[in-house]
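Summary of the model geometry
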Amino acid sequence: MTKSSGKIFLLLFSLAGVLSSCSVKKFIPENEYLINRYTIQFEKKYPQTTQSELKQFLKPKPNKKFLGWHSNLYYYYRNQNKPTKFNAWLDKSFGEPPSFYSDDDIERAAKRMEQHLANIGFFKSTVDYNVNFENKKANISFTVHPAPPYFIKGLNYEVQDSVLATYFNKCLDKTLLHEGDIYNAYTFDDERDRITSYLRNEGYYYFNRNYIQYLVDSNFREHSMSVTLKINNILAPEKDRATLINKPHERYYIKNVTIIPEYNPSIDLPYDTIDHVIHFRKKETGYTYQFLYNQKPKIKPSAFNTAIKIKPENPFSAHDLQSTYRKLFNYRIIRTAKINFDTTGAGQNKDSTYRYLNTQIMMQNSRRHSVSIEGFGTNSSGDLGVRGKLTYLNKNIFKHAEIFRIRVIGGFEAQSAGGGDSTSSSGIFNTFEVGIDGTVFFPRFLFPLRLHSFNQKYSPITNVTFGFNYQVRQNYTRSITNLEFGYSWNKTSKKRHIVTPFNTNFIKIFPTPEFQDILDKEENKALKEQYSDQIIFGLSYSMIFNNQNLNALSHHQFLRFNFESSGNLLYAINSLAGSEKTGDGYYQIFGVRYSQYLKASIDIREYLYFNSKENVLALRFFLGSAIPYLNSEEIPYTKGFYAGGANGMRGWHFRTLGPGEYSEVNNYERIGEIQIEANAELRFPLYRFLKAALFLDVGNIWTYNESSVYPGGDFKFNTFYKQFAVDGGIGIRFDFSYFLFRLDFAAPFLDPAYPEDERWRIQYLQFNDFIVNFGIGYPF
């Protein structure tokens, strides 16, 4: 045994001794046993019967363990036996009571599993169990004996109401029940809910799932069943109230819709009525709504053109009701909203085929103006600083629920020398930044064309933004002026589009005389570009897909595609107008050469949950490319790709990896035109708010062409796969639900900057090779 392995053995032996001294065995009362483990076995396996389905019925759950030690249970008993303030805190923060074995609990779990098997078609299945008691622990083994499943042999329908039957028949093409399927009570319930939802969208206001009944006739020999889905009529009392009669379901139409946009229960003033017509489609007849105001309107009726979905003289629709609620609550000026339906005095149509509902929508407003002040610390690639932000919000600036937001941001940072900033720093904070930006969010699509259908269907948001930022660095000052005009809308609950047809950034650099001398002597075009005036004038598009359900965490995916271009319109105008080029052969605007490039990227993520909702395997793949052309030789520094830092390739400092196998050591940040990166992170809980992660990062950046600036950094199909960097490490996360910050400790495992036969660095790792990354939120 080597000296190092002997130390490791001694450390593990000592740790085992500490954990054994904290054993909970001595606290377990006589004749009690802790539940240690459950196992489930199947006598015969069917695809419909799985362990994961049956595990939900196993209660109580075994006490949690950490490295084989019942830590949470130990804290509980420690407080029970020695109640001190510290032990009480440990118990409250981390403790859990013991999970003792009970015959009743295990018998109940077996019965619940049998009931579940019957619900999915395996009637008369049995579940038995065996318990092994040893060393104050109970190990329970369940054996499932599934009976042959029952199949649906015949499927019939019986609808007593002939009018309702016409609507019911229209929804059968999407039925969840099919002949030949295994009986499943849960699917039967889902079908009941589906039919109820459909009918309530067709005017059946009072219809509910209890009117739907299943009649089942079983054949025990063939293990099959004939199913009749029956929709019953309403049982209503006669005029004498002594007898009940069958009545068909009444269908309801919306009659009048009254809207009170500024309802205030504390103000008792008479209302004035304003009739307002909403056109849901361009050539469609408009619908008239009555808006009630008891003071000068603060929110104009037209503000609700895309929010109100309940239409007069149309059948009641539960979908339209929920859609109206959802869109109203998207307006920040609306604090609460309540929609009431009333049949009193509404009447019915001439031939009495349906009845009417009167609708009233009442909204209470939130405060129109708000001001907030924030102060926080920052960590930008290891440079610490402090920042403050003042935000003013007007939630109804133009009386159509538009939001006006203006932010003033300022801060100081202790920036280390690097990236060409070669002069020494003075004072604790040697950089300063202040900025202001203003944005107006319009809850509709602003366009020369009146897109009625688009506005009604997707409720888009238009944003107009102006920003100015002034930065004082050690060797230069920089001003950034930004102007943006764009749209965003949700195509579905899972898919979002963001289109920015106009986006311009004007970056002006003012180097100090000493730093200007350094730049004049610099031959690196990419580095000179970083400290040169720039104009970026272009457009962008993003598509985001996210099927995460926050209410029920389960496997989900995330995808984001970005596309961006700049300079094309200006170049076309200059070319058509015959504008004069500079001596270097480039066009300028306002005396500055503008950037021209195409950039695209795709970010794909997969989140896999297992054992519990807190154990997650997060996977990510990123691919990006940027191509400068015509009026640009280099991609703008702010638009290039980089590797290293807290959110990717954590084994390298911010922008210090790549491109390719580039190996020279300098203080300049590195950018590339191609990026490929993959990440895997296993996240698991330690104690309540304290969580951990094991992670692995693989990736690099490259340039398109050979470069004297980054020798060995260009992308080649026959070598790029040999130039991937690999790092790994462990992370500690402090998760307070509303706020998460993390510390990730990472080390480079494979470094492409070394010669090809020396790139694996695991055997050479030392403590100072680990990099500590501080981050807020998860890296992906």
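Residues numbered from 1 in each chain as written. Predicted model: local features only at pLDDT ≥ 70, side-chain atom pairs only at ≥ 80, totals over all residues. Heavy atoms only, no water.

**Let's talk about the overall build of the chain**
The following threshold applies: Secondary structure elements are defined from DSSP: runs of H or I of at least 4 residues count as helices, runs of E of at least 2 residues count as strands, and each element is numbered from the N terminus. Here's how the labels work: a residue is buried when its accessible area is under 20% of the maximum for its type, exposed when over 50%, partly exposed in between, all with a 1.4 Å probe on protein chains only. Only heavy atoms matter for contacts: two residues are in contact if any of them lie within 4.5 Å across the pair. Here, Shrake-Rupley sampling with a 1.4 Å probe gives the accessible areas, and only protein chains in the shown set may cover a residue. Here the positive residues are Lys and Arg and the negative ones are Asp and Glu; neither His nor the chain ends is included. Taken as the charge centre is NZ of Lys, CZ of Arg, CG of Asp or CD of Glu, depending on the residue.
Each helix and strand counted, the chain has 12 helices and 31 strands in total. Per-residue burial for the chain yields a buried fraction of 43% across its 780 residues. Within the chain, contacts between residues separated by at least 24 positions form 63% of all contacts whose residues are at least 6 apart in sequence. Split by element, the accessible area of the chain, about 42,600 Å² in all, is 55% carbon and sulfur. Here the chain holds 92 positive side-chain charges and 77 negative ones, and the gap between their average locations is 6 Å.

**Let's talk about the packing of helix α6 (residues 162-170) against helix α7 (residues 185-200)**
Test applied: Where helices are involved, their axes are fitted lines through C-alpha atoms of the stretch in contact, as for all axes, and angles between N-to-C directions lie from 0 to 180°. Crossings are sorted by hand: turned counterclockwise from the far helix by less than a right angle, the near helix makes the crossing left-handed, and turned clockwise it makes it right-handed. Any residue outside Ala, Val, Leu, Ile, Met, Phe, Trp, Tyr, Cys, Pro, Asp, Glu, Lys and Arg is labelled polar, Gly included; the first ten of those are nonpolar and the last four are charged.
Direction vectors running N to C along α6 and α7 enclose 115 degrees, while the axes themselves pass 10 Å from each other. Considering the relative orientation of α6 and α7, their crossing is right-handed. Listed contacts from α7 to Leu164, Tyr167, Phe168 and Lys170 of α6 are Ile195, Tyr198 and Leu199. The residue makeup of the contact of α6 with α7, split by class, is six nonpolar, no polar and one charged.

**Observations regarding the side chain of Glu114**
The topology assignment puts Glu114 in helix α5 (residues 103-119). With residues near it in sequence (within four places) discarded, Glu114 still touches Ser125, Thr126 and Val127.

**Remarks on the pairing of strand β29 (residues 725-735)**
The criterion, for reference: Only strands that DSSP links by at least two bridges are regarded as paired with each other.
Strand direction decides the pairing type here: strand β28 (residues 690-702) and β29, joined by 10 bridges, are antiparallel. Across the sheet, Val698 pairs through a bridge with Val726, a residue of β29. Two elements, β29 and strand β30 (residues 740-750), share 10 bridges in a ladder whose sense is antiparallel. Bridge pairing links Phe734 to Phe741 in β30.

**Description of a positive patch on the surface**
Note the threshold: Residues qualify for a patch when their relative accessible area is over 30% and they have no salt bridge, like charges being joined within 9 Å and the nonpolar side chains of Val, Leu, Ile, Met, Phe, Trp and Tyr within 5 Å. Every case where a carboxyl oxygen of Asp or Glu lies within 4 Å of a side-chain nitrogen of Lys or Arg is listed as a salt bridge.
The grouping of Lys55, Lys59, Lys61 and Arg112 at the surface amounts to a positive patch. Tracing the chain through its elements places Lys59 in the loop between α2 (51-55) and α3 (71-81). Overall, Lys59 belongs to the partly exposed group, its relative accessible area being 47%.

**Here we look at the environment of Glu43**
On the secondary structure map, Glu43 appears in the loop between β1 (34-42) and α2. Judged by its relative accessible area of 58%, Glu43 is exposed. Considering only alpha carbons, one finds Glu43 and Pro146, 103 residues apart in sequence, at a separation of 7.2 Å. For Glu43, the contacting residues outside a window of four places in its chain are Val144, His145 and Pro146.

**What to know about the confidence of the model for the chain**
Our working rule: Per residue, pLDDT captures the predictor's confidence, and it can take any value from 0 to 100.
Averaged over the chain, the pLDDT score is 86; the fraction of residues at 70 or greater is 91%. Every residue in residues 1-21 scores below 50 in pLDDT, and together they form five contacts with partners more than four places removed in sequence or on other chains.

**A closer look at the environment of Gly729**
With respect to the secondary-structure elements, Gly729 resides in strand β29. You can call Gly729 partly exposed: its relative accessible area is 21%. Placed 33 residues apart in sequence, Gly729 and Leu696 show a C-alpha to C-alpha distance of 6.8 Å.

**A few points about the pattern of salt bridges**
Overall, the coordinates contain 30 salt bridges when judged by the stated rule. One salt bridge connects Glu114 with Lys111, and the closest N-O pair in it is separated by 4.0 Å. In this pair, Glu114 and Lys111 both sit in helix α5, three residues apart, roughly one turn of the helix. Residues Arg733 and Glu681 are paired through a salt bridge, measuring 3.0 Å at the closest nitrogen-oxygen approach. Of this pair, Arg733 sits in strand β29 while Glu681 sits in strand β27 (residues 674-687), and the two are 52 residues apart along the sequence. Glu681 carries the same exposure label as Arg733, and that label is buried. Beyond isolated ion pairs, a larger network of salt bridges with shared partners links Arg650, Glu681, Arg683, Asp697, Arg733, Arg742 and Asp744.

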